[in-house]
Amino acid sequence: MSKLTFARAINAGLRKSLENDPKVVLMGEDIGSLGGVFRVTDGLQKDFGKHRVIDSPLAESGIIGTAVGLAYRGYRPVCEIQFDGFIYPAFDQIVSQVAKMHYRTQGRVKMPITIRVPFGGGIGSPEHHSESPEAYFTHTSGLRVVAVSNPQDAYTMIQQAIASDDPVLYFEPKRRYHDKGDVDETFSLSEALPLDKAAVVSAGSDVTLIAYGPLVKTARDAAMAAADEGISVEVIDLRSLAPVDYPVVEASVRKTGRLVITHEAAQSGGLGAEIAASITERCFHYLESAPVRITGFDVPYPYSKLEMHHLPDLDRILDGVDRALGRPNSLSGLEG
Amino acid sequence: MLTDQAGKGVHRDTPGPGHSAQIPLRTGGDLLQLVSPEGERISHPEFDIWVKDIGDEHLCSLYEDMTVIRRIDAEATALQRQGELALWPPLLGQEAAQIGSSRSLRDDDFVFPSYRESGVAYVRGAHLSEIARVWRGNASYGWDPLRINLATPQIIIGSQSLHATGYAMGVQLDGANTAVLAYFGDGATSEGDVNEAMVFAASYQAPVVFFCQNNHWAISEPVRVQSHVQLADRPTGFGIPSMRVDGNDVLAVMAATRVALDRARKGGGPTFIEAVTYRMGPHTTADDPTRYRDPIELEDWAAKDPILRLRKLLQAKGLLTDDVEARVKSKADAVAAELRSSCIDMPDPQPLDVFNHVYSTPNSWIERQKDHYSRYLNSFGQPVEEGAL
């Protein structure tokens, strides 16, 4: 067991995958001698060579499109998109090619491509550096989408993503890169929680609170604060955004009867909407109140002096918990 | 060994002087031609050596392939008009470009086509039913890409140029002696992906050949809307040598493609070929070129018909005997009949097939939807018949 930052944990996972499988290659802008702008790939080119850790031209569609060709040839490319807001030039290659090749070829050609995306806000960046584009990809069949929330998961889930025969979008919460946590590097992948499973990170009986990526920590803090007021919140780290592990969420909601979902991404058409609808379908008779969403606003990601208003924080989440419980809250008395 | 429909080997070792790395840049109006539109063999000091092995029999087999794929095209167009195919992208006029290039490939080369390369698919050994079923709507793929080293038809314009480049990077990593060829049209050269593919290919010196069939029209947009310079002038700006060849001259196409493939295999890096040809038919069977195209332009190009040109060459050489004509016609008739019957007899997919192969491992969302839809179908109280929905 060692204490590693989030970024070092991913680095260690990438290193393990490069060691274990000669078909794994890393590609991306600045990932070689610089080690990536967040240093996640630090030292890997030095140790594995320029043919395994490939500094690419500055072209996102090119990075993903050539990864498709490499996968055709039997490689397992791990692509880094430098920032969330830079993924859009690669959108076509991801949704039209990476996602559909297995279906298109009726299983003949696999696309074991991992696309690493630092995502989310909270680091005071200019525009295009703080986005949460996950819903675009959860809407696309053929892709698996995961978001990691702690160094141990970051370490194991990057290896699981690379080992997956399906393409995986691997979202890394960039504001947590420097958070430290225990990482057991001897952890075997066969014992780890499967990539598509959600985790109950703190048990509770009054409200189910769902979060993923950067907001898992905020949700846990909110649950502790709620406990001080005698409210028992069950926090679920979704981990897999596509598919969502509904059995775990359902079991929790049947127990608590109340659901709050939080994410940084805008509300409309977001993952929270999908989960609220699905859980309402599956657990209608168990729900004591309507599902509540605490999310970013339906605005472009704001300039950094205002981002703290956009990002769900502990107090907004607690206000949502109050709404789910029918306790006095900011919307009390408002119809509809 | 792959075989074409006639059962003969389709891939041959490339001849040549062994100095393919020094390709003369052929830009501007410098159009490589080895056979004139009148069917006369034009001698060329640098390129003749690349087709010196093409003897009488080989020329006749090229003629046969070109005639057969024209016949496939005509039959498929008729099948579409009769409602048997949902759509068809004709290749009429591009037979020399497709046959000349694809007959230059080796078994182990890998090809990334667009949607118009049905002639290439035929040469690579795809079954006729595999060519037809995508356009009938029975499947989103035709052949097994890994069986014949030919990726599935790509509909997004130019996307496959990046796939070819990535595959070529994989070939490099493997240290293999294999070339990769990407087909795209003149319209694709406007797409970002084709330009990014050239950046990547040049940066890594990937063993890829970009084979651009300039057929002059991207649906209704003429090539002058794509580029103010010859398309073959563009790659040189990326550091990629290019050749501009008469795409209706099967020998010239073959010589250029062999040079480029040989160069790729020997570590010389990427090459761009602009095959100047003409789409004599519509973009697809849903298109009406009379709305945007001057009929005189079509007449001009009809005079340069690639099959007519090869016929004239064969006649001049005394090769177009009644026997050869009869053999080619009989082959084309047989292929057309097989295309028709394999299309009409093709079984429809099953309703629940819609859920298959989205992922290589089970996905709980899709499994649930499949289960629910299956229950719905079963609620009619009788087994769902093939093609009932």
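The rules behind these values
Residues numbered from 1 in each chain as written. Chains lettered and ligands numbered in written order. Predicted model: local features only at pLDDT ≥ 70, side-chain atom pairs only at ≥ 80, totals over all residues. Heavy atoms only, no water. Core = buried A, V, L, I, M, F, W, Y, C linked by side-chain atoms within 4.5 Å. Buried < 20%, exposed > 50% of the residue type's maximum accessible area, 1.4 Å probe, protein only. Contact = heavy atoms within 4.5 Å. UniProt positions renumbered as here; feature names shortened; annotations may be inferred. Helix = DSSP H or I, 4+ residues; strand = E, 2+ residues; numbered from the N terminus. Expected span 1.5 Å × (residues − 1). Salt bridge = Lys/Arg side-chain N within 4 Å of Asp/Glu carboxyl O. Nonpolar A, V, L, I, M, F, W, Y, C, P; charged D, E, K, R; others polar. Polar contact = N/O pair within 3.5 Å; in protein donor to acceptor, adjacent residues only side chain to side chain. Phe/Tyr/Trp six-rings, centres within 6.5 Å; stacked < 30°, edge-to-face > 60°. Lys NZ or Arg CZ within 6 Å of the ring centre and 35° of its normal. Domains from an automatic or database assignment. Buried area = accessible area lost by both parts, 1.4 Å probe.

## What to know about the nonpolar core
Inside soluble globular proteins, nonpolar side chains tend to come together where they are buried. Core analysis: the biggest nonpolar cluster contains 80 residues, and Y72(A), I94(A), L169(A), I275(A) and F210(B) have the highest contact counts within it. In contact with I94(A), other than residues within four places in its own chain, are I64(A), I87(A), A99(A), I115(A), F137(A), L143(A) and L169(A). Counting 72 residues, the second largest nonpolar core, distinct from the first, contains L34(B), A96(B), M243(B) and L320(B).

## Some details on the UniProt feature "domain: Transketolase-like pyrimidine-binding" (unreviewed entry) in chain A
The UniProt record annotates "domain: Transketolase-like pyrimidine-binding" (unreviewed entry) at residues 4-179 of chain A. This span, residues 4-179 of chain A, is 36% helix and 18% strand, and a straight line between its end C-alpha atoms measures 8 Å.

## Considering helix 7 (residues 192-204) of chain B
All names here are of chain B. Helix length check: helix 7, at 13 residues, gives a terminal C-alpha distance of 18 Å against a target of 18 Å (1.5 Å per residue), a fit within 8%. Turning to helix 7, its buried residues are D193, V194, E196, A197, M198, F200, A201, A202 and Y204. A positive backbone phi angle near 50 degrees is found at Q205, which sits one or two residues after helix 7.

## Regarding the interface of chain B and chain A
The interface of chain B with chain A comprises 43 residues on the first partner and 49 residues on the second. For the interface between chain B and chain A, the tally reads three salt bridges. Those elements that provide at least two residues to the side of chain B that touches chain A are strand 1 (110-112), helix 5 (145-148), helix 6 (159-174), helix 7 and helix 13 (364-378) of chain B. A total of eleven residues in the side of chain B that touches chain A trace back to one element, the largest contributor, which is helix 6 of chain B. Classifying every residue of the side of chain B that touches chain A gives 22 nonpolar, 16 polar and five charged.

## Here's the deal with the side chain of H102(A)
Relative to the helices and strands, H102(A) resides in helix 5 (residues 101-104). One polar contact links the side chain of H102(A) to the main-chain carbonyl oxygen of H357(B), over a distance of 2.7 Å. What H102(A) contacts, discounting residues up to four positions off in sequence, is G107(A), V109(A), K110(A), H357(B), V358(B), Y359(B) and S360(B).

## Looking at the environment of P90(B)
Tracing the sequence through the fold places P90(B) in the loop between helix 1 (56-81) and helix 2 (95-102). With relative accessibility at 4%, the residue P90(B) sits in the buried group.

## What to know about unusual backbone geometry
Omega for the bond connecting A242(A) with P243(A) falls within 30 degrees of zero, at -5 degrees, which places this linkage in the cis form. Along the polypeptide, P243(A) turns up in the loop between strand 12 (240-242) and helix 9 (246-256). A positive phi angle, close to 50 degrees, is found at Q205(B), a residue other than glycine. Inspection of the secondary structure puts Q205(B) in the loop between helix 7 and strand 3 (208-214). With a phi close to 70 degrees, H357(B) is a non-glycine residue in the positive phi region.

## Quick notes on the packing of aromatic side chains
Residues and elements named next belong to chain A. Here the structure, examined in full by the defined rule, presents 23 aromatic pairs over all chains. With 5.2 Å between their ring centres and 65 degrees between their planes, F38 and F83 make a pair best called edge-to-face. Here F38, found in the loop between strand 2 (24-28) and helix 2 (44-48), pairs with F83, found in the loop between strand 4 (76-80) and helix 4 (91-98); they are 45 residues apart in sequence, far enough to count as distant. There is no split in this pair, since F38 and F83 are both buried. Through a chain of ring-to-ring contacts, the aromatic side chains of Y88, F91, F119, Y136, F137 and F171 assemble into a single cluster. The ring of Y75 carries K23 above its face, with NZ or CZ at 4.4 Å from the centroid.

## Digging into the pattern of salt bridges
In this structure the tally under the stated criterion is 39 salt bridges over all chains. Of the charged contacts, one joins R340(B) and E75(B) as a salt bridge, the two residues approaching to 2.7 Å between their closest N and O atoms. In this pair, R340(B) is assigned in helix 12 (residues 322-344) and E75(B) in helix 1, connecting sequence segments 265 residues apart. Linked by salt bridges that have partners in common, R15(A), K46(A) and D47(A) make up one network.

## As for the environment of I275(A)
All names here are of chain A. In this fold, I275 is placed in helix 10 (residues 271-283). Overall, I275 belongs to the buried group, its relative accessible area being 0%. Through-space distance from the C-alpha of I275 to that of I158 is 25 Å; in sequence the pair is 117 residues apart. Setting aside anything within four residues of it in sequence, one finds I275 in contact with I210, L238, V244, Y246, L259 and I261.

## Structural notes on the domain arrangement of chain A
Residue and element names in this part refer to chain A. As far as domains go, chain A holds domain 1 (2-183) and domain 2 (199-325). Between domain 1 and domain 2, the contact holds 26 residues from the first and 22 residues from the second. Buried area between domain 1 and domain 2, both sides added, is near 1,800 Å², and the carbon and sulfur share of it is 53%. Along the contact surface separating domain 1 from domain 2 lie two salt bridges. Measuring nitrogen to oxygen at the nearest pair gives 2.9 Å for the salt bridge that ties D153 to R239. Put simply, the parts of the chain that give the side of domain 1 that touches domain 2 at least two residues each are helix 6 (134-138), strand 6 (144-147) and helix 7 (151-163).

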